[in-house]
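Survey of secondary and tertiary structure
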Protein chains: 2
Amino acid sequence: MSSRDSIPRPTVRRLSLYLREAESLLQAGHRTVSSSGLATSLAVTDAQVRRDLGHLGQKGRAGIGYRLAPLITRLRRALAVDRSRNVLIVGAGRIGRALMAYPRFDQRGFRIVAVVDADTSLVGRAIDGHVVQSVDQIETIVVDGDIEIGIVAVPEADARAVAQRLAACGISGLLNFAPCRLNVDVPVIDVDLSSSLEELAWAMAEPG
Amino acid sequence: MSSRDSIPRPTVRRLSLYLREAESLLQAGHRTVSSSGLATSLAVTDAQVRRDLGHLGQKGRAGIGYRLAPLITRLRRALAVDRSRNVLIVGAGRIGRALMAYPRFDQRGFRIVAVVDADTSLVGRAIDGHVVQSVDQIETIVVDGDIEIGIVAVPEADARAVAQRLAACGISGLLNFAPCRLNVDVPVIDVDLSSSLEELAWAMAEPG
DNA sequence: TAGTGTGAAGTCTTTCACAGCA
DNA sequence: TGCTGTGAAAGACTTCACACTA
């Protein structure tokens, strides 16, 4: 299981959790962590953790576990969060505003460098230190601002059009909060709050 | 494949998408939909759709497809969203406020009936028609208000304590926005925005 | 003909279980 | 002894492919 294989998506999602936990342990003064240590914090099995970390090329040490510092480095590299990226938020409504102020984005190297909205009464106003620009300027902002990631936080009706425009001017990826598929040819991660609640409703109704 | 089997979780997530699409098609005046129709809208295979709908006990008709009205009914039942549920939002910060105003929750039968916060300067204030109550009252609110779902939208440091309290007074499920595991014995769905961005960063870096 | 339902096959992911190392 | 790394087995999920049907 070398680091050259493509990492399965379920593993990727867990790597993100391992990274968070590893950073927190390092902060707390630990130097190493064992697979079972990570496993119990995160409600997975120890074998799963070892298998997952095997994808990184990270070697643990028998009897000791994994050294946190190199583990964190490798996790960051595997998740491609070992450098900063510029982010544009499209939509300065409530979701957009919540994201602007989300401190973890910055900590993780996701730099919100621009915010746009279609509402002309918002344009020019500063919200959380970000001056809202017009949605008409998307193309200029993306190109000149070296934006790699777009966050789509507009109403469903506008989402696809916005996504098309972002894709057309060369954005590399989208985080989508609108409850619909964006049919564009760049990677998209959907954050669908209604779906999450429905999944919860289902889980609540499930026996066990 | 009868409706008595437990539905796999990946299927559950897709059922939510099928429901959204089916409702939208019905709205648009359609009466039926084929597996390939759903499949192309949602970027899955037609065989996958048929397999998934097989879990519902829903029968399609060869040459025609699935009738939308009964399909929607069955999807709602399978997802356990065929009735309303009362929801409490804990945390009237930016994420909490974004959720209060999210119209889809109400449309889907998730009724936000109370909002609490630890910040006494917010208590008593009305935000989006919801008067913020004190977090001290959680227990009373959950029990008297017949709350089934709690939305945890508080800082990480407070999240576990809040979750414990909610679980202790008999809540049935939690939607968690804090970037940590809530170790409670009720179903939890995590919405982790940083993780989503990390997954996106990975997908952007992936070849293909 | 257009489309379902589903065994069987295939693929992907997780878990087991244990040799081996510090 | 405590813990890793990993073949092999098991399990979960998806796709194929085709008989069948309105």
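In the block above lies the structure referred to throughout.
These lines cover the structure that appears in this document, whether it is placed above or below. If you're wondering where the values come from, they're calculated on a predicted model, not measured in any experiment.

Turning next to the overall build of chain A. Helix and strand counts for chain A come out as nine helices and nine strands. Counting only C-alpha atoms, chain A reaches 60 × 45 × 30 Å along its principal axes. Here chain A, with 208 residues, has 51% of them falling under the buried criterion. Restricting to contacts in chain A with at least 6 residues of sequence separation, those with at least 24 account for 58%.

The environment of DNA strand C is formed by 20 residues, the closest being A:Arg14, A:Arg51, B:Ser35, B:Arg51 and B:Gly60. Here DNA strand C approaches the protein such that, of its atoms within 4 Å, sugar and phosphate make up 56%. In the environment of DNA strand C, a phosphate oxygen lies 3.2 Å from a nitrogen or oxygen atom belonging to the side chain of A:Thr45. In the model, a sugar or linking oxygen of DNA strand C is placed 3.1 Å from a nitrogen or oxygen of the B:Gly63 main chain. Broken down by secondary-structure element, the contributors of at least two residues to the surface near DNA strand C are helix H1 (9-27) and helix H3 (46-54) of chain A together with helix H3 (46-54) of chain B. The leading source of residues in the surface near DNA strand C is H3(A), at three residues. Residues that form the surface near DNA strand C fall into these classes: six nonpolar, seven polar and seven charged.

Moving on, we get to the interface of chain B and chain A. Opposite the 58 residues of chain B that make contact, chain A presents 58 residues. Between chain B and chain A, roughly 5,400 Å² of surface is buried when both sides are summed, and carbon and sulfur atoms account for 63% of that area. Together, B:Leu197, B:Glu198 and B:Trp202 form the three largest contributors to the area buried by chain B at its contact with chain A, with a combined 14%. Between chain B and chain A we count twelve salt bridges in total. Put simply, A:Arg13 and B:Glu199 hold a salt bridge, and the shortest N to O gap is 2.8 Å. Remark: the boundary between chain B and chain A carries 22 residue pairs in polar contact (both at pLDDT 80 or more). Of all the elements in the fold, those that place two or more residues in the side of chain B that touches chain A are helix H1 (9-27), helix H2 (35-42), helix H5 (94-100), helix H6 (103-107), strand S7 (147-152), strand S8 (173-176), strand S9 (188-190) and helix H9 (193-205) of chain B. In terms of residues, the side of chain B that touches chain A owes the most to one element, H9(B), which gives 13 residues.

Near DNA strand D lie 22 residues; those nearest to it are A:Ser35, A:Arg51, A:Gly60, A:Tyr66 and B:Arg14. The side chain of A:Arg51 places a nitrogen or oxygen atom 2.6 Å from a base oxygen of DNA strand D. Mapped onto the surface near DNA strand D, the elements with two or more residues apiece are H3 of chain A together with H1 and H3 of chain B. Here the surface near DNA strand D takes three residues from H3(B), the largest share from any one element. When grouped by side-chain class, the residues that make up the surface near DNA strand D number six nonpolar, eight polar and eight charged.

For the rest of this paragraph, the subject is empty space enclosed by the protein. According to the stated counting rule, one finds three cavities of 30 Å³ or more in the structure shown. Looking at the largest cavity, its volume works out to about 100 Å³. What lines the largest cavity is A:Ile95, A:Ala98, A:Leu99, A:Phe177, A:Val191, A:Leu193, B:Ile95, B:Ala98, B:Leu99, B:Phe177 and B:Leu193. Mapped onto the lining of the largest cavity, the elements with two or more residues apiece are helix H5 (94-100) of chain A together with H5 of chain B. Looking at the lining of the largest cavity residue by residue, the class counts come to eleven nonpolar, no polar and no charged. Taken as a whole, the second largest cavity spans an internal volume of roughly 50 Å³. In terms of lining residues, the second largest cavity is bounded by A:Ser16, A:Arg20, A:Arg104, A:Arg108, B:Pro179, B:Asp192, B:Ser194, B:Ser195 and B:Glu198. No other element matches H9(B), which puts three residues into the lining of the second largest cavity.

Criteria and thresholds
Residues numbered from 1 in each chain as written. Chains lettered and ligands numbered in written order. Predicted model: local features only at pLDDT ≥ 70, side-chain atom pairs only at ≥ 80, totals over all residues. Heavy atoms only, no water. Helix = DSSP H or I, 4+ residues; strand = E, 2+ residues; numbered from the N terminus. Buried < 20%, exposed > 50% of the residue type's maximum accessible area, 1.4 Å probe, protein only. Contact = heavy atoms within 4.5 Å. Near = heavy atom within 4 Å. Polar contact = N/O pair within 3.5 Å; in protein donor to acceptor, adjacent residues only side chain to side chain. Nonpolar A, V, L, I, M, F, W, Y, C, P; charged D, E, K, R; others polar. Buried area = accessible area lost by both parts, 1.4 Å probe. Salt bridge = Lys/Arg side-chain N within 4 Å of Asp/Glu carboxyl O. 1 Å grid on protein atoms, 1.4 Å probe; cavity = no way out; pocket = protein on both sides within 12 Å on 5 of 7 lines; lining within 4 Å. Points joined across faces, edges and corners; volume = space filled by probe spheres on them.

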